[in-house]
Amino acid sequence: METRPLGRTGADVSVVGLGTWQLGGDWGDVDEDTAGDVLDAALDAGVTLLDTADVYGDGRSEERIRKALAARSDRPFVATKAGRRADPFEAAQYTPENLRAWIDRSRRNLGVDTLDLVQLHCPPTAVYSDQRVYDALDSLVADGAIAAYGVSVETVAEGLTALEHPGVQSIQVILNVFRRKPLEELLPAAAAAGVGVLARVPLASGLLSGRYTESTTFGADDHRNFNRNGEAFDVGETFAGVPYDVGVAAAREFTAICGDRSPAQVALRWVVQQPGVTCVIPGARSVEQARSNTAAADLPPLPDTELADLERLYDERIRAHVHDRW
């Protein structure tokens with residue numbers, strides 16, 4: 001699989017990675033054996049970047065990665081996230097002591113002395129401009145607890161603020177056919193700063209797979225059920241903030257544009273070819289999904305005519321329903 005440099009970390013990572021939120025929770029039940037099989041399938045298919053967080057299943061995702069990697073000789077780049085163990089609306093909790101405790105817990109969960117990359121996990125907006133937080137992260141790098149740090153953001157403005165701090169090595173942001181704003185300013189600014197970009201929610205929580213209808217239901221433990229209006233966390237993390245019925249209707253048109261190709265693979269290919277993107281991190285709940293996602297890297301670039309069709313679809317069906325901050 002094609003690889004790209006992840007900012008200034010010195011690591012080259014696959015253009016398609018694996019997001020592992022679903023291996024921890026909030027996407028319905030994924031048992032231990034299935035989680036291991038998904039991780040093996042992705043790694044065997046050429047994935048070299050895994051993205052996780054300390055709150056995915058209260059550490060279950062990190063622990064499952066540790067167990068899967070213990071039996072393998074190859075070692076992928078593992079990016080985790082920290083900060084959501086605090087009250088997500090309380091910036092004062094992002095202290096050096098708490099950051100150290102959260103990071104030490106992730107080191108234990110993943111079974112490593114040094115974490116490859118720690119990303120601030122969509123903290124309160126004020127945290128992105130708090131120099132004390134970056135000083136604490138710099139200290140953790142100096143101590144060898146982490147090799148590098150970055151940020152995961154909800155908005156372009158948060159990402160641009162983070163780029164003002166030279167220690168930031170990566171930005172993770174929602175980017176997909178239905179969420180295009182990062183293309184305008186954030187991705188060019190990150191590229192100019194030598195900062196890597198991890199693109200999350202690339203399938204708009206599955207909308208862009210073309211498999212859902214207005215009557216599709218999701219389990220009580222699936223965020224696509226319990227967070228549609230932002231009841232548990234930022235609504236942008238669920239269906240990219242697009243109202244479900246609007247998204248399903250637009251996804252039908254997207255599927256028609258894809259023709260006989262897999263809609264999910266086309267959606268991932270679209271992200272991969274956006275200038276400035278380092279790696280796209282779709283999730284997978286089955287071996288088949290993991291293999292299909294990685295195969296998107298083999299698709300040829302989408303032609304200009306299709307890119308124009310997708311931009312028009314966004315302008316006509318989605319733009320009016322996207323919050324200004326996104």
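Residues numbered from 1 in each chain as written. Predicted model: local features only at pLDDT ≥ 70, side-chain atom pairs only at ≥ 80, totals over all residues. Heavy atoms only, no water.

A.B. asks: Give a description of the packing of aromatic side chains that names residues and reports values.
C.D. replies: Tallied over the full model, the rule gives nine aromatic pairs. Note on Trp21 and Tyr56: the rings are 5.8 Å apart at their centroids and 20° apart in plane angle, and the pair reads as stacked. Residue Trp21 is found in the loop between strand E3 (18-19) and helix H1 (32-44), and its partner Tyr56 is found in the loop between strand E4 (49-51) and helix H2 (60-70); the two are separated by 35 residues along the sequence. Owing to a relative accessible area of 14%, Trp21 belongs among the buried residues under this scheme. Ring geometry for Tyr212 against Phe218: centres 5.2 Å apart, planes inclined by 90°, an arrangement best described as edge-to-face. Three or more aromatic residues link up through ring pairs in this structure, and these residues are Trp21, Tyr56, Phe226 and Phe233. Lying across the ring of Tyr314, Arg180 places its NZ or CZ 5.9 Å from the centre. (Phe/Tyr/Trp six-rings, centres within 6.5 Å; stacked < 30°, edge-to-face > 60°. Helix = DSSP H or I, 4+ residues; strand = E, 2+ residues; numbered from the N terminus. Buried < 20%, exposed > 50% of the residue type's maximum accessible area, 1.4 Å probe, protein only. Lys NZ or Arg CZ within 6 Å of the ring centre and 35° of its normal.)

A.B. asks: Can you tell me about the pairing of strand E8 (residues 168-174), naming the residues and giving the values?
C.D. replies: Every other side chain in a regular strand lies on the same face of the sheet, so the side chains alternate between the two faces. In terms of burial, E8 is largely enclosed, as seven of its seven residues are buried. Note: strand E7 (residues 149-152) against E8, three bridges, orientation parallel. Paired with Ser152 across the bridge in E8 is Gln172. A crossover links E7 with its parallel partner E8, the connecting element being helix H5 (residues 156-162), and its sense is right-handed. Note: E8 against strand E9 (residues 196-200), five bridges, orientation parallel. (Pairing = 2+ DSSP bridges. Right-handed = clockwise from strand over helix to strand, strands pointing away.)

A.B. asks: I'd love a proper account of a negative patch on the surface, names of residues and values included.
C.D. replies: On the surface, Asp29, Asp31, Asp33, Asp37 and Asp221 cluster together to form a negatively charged patch. Tracing the chain through its elements places Asp33 in helix H1. Asp33 gets classed as exposed once you look at its relative accessible area, which sits at 59%. (Patch = residues over 30% accessible without salt bridge, like charges linked within 9 Å, V, L, I, M, F, W, Y side chains within 5 Å. Areas by Shrake-Rupley, 256 points an atom, 1.4 Å probe, with all protein chains shown as cover. Salt bridge = Lys/Arg side-chain N within 4 Å of Asp/Glu carboxyl O. Lys, Arg positive; Asp, Glu negative; His and termini not counted. Charge placed at Lys NZ, Arg CZ, Asp CG, Glu CD.)

A.B. asks: An account of unusual backbone geometry is requested, with residue identities and associated values reported.
C.D. replies: At Phe239, a position not held by glycine, the phi torsion is positive, near 55°. Mapped onto the fold, Phe239 is located in the loop between helix H7 (223-226) and helix H8 (244-258). Positive phi is not limited to glycine here, since Ala240 has a value of about 55°. With respect to the element layout, Ala240 can be found in the loop between H7 and H8.

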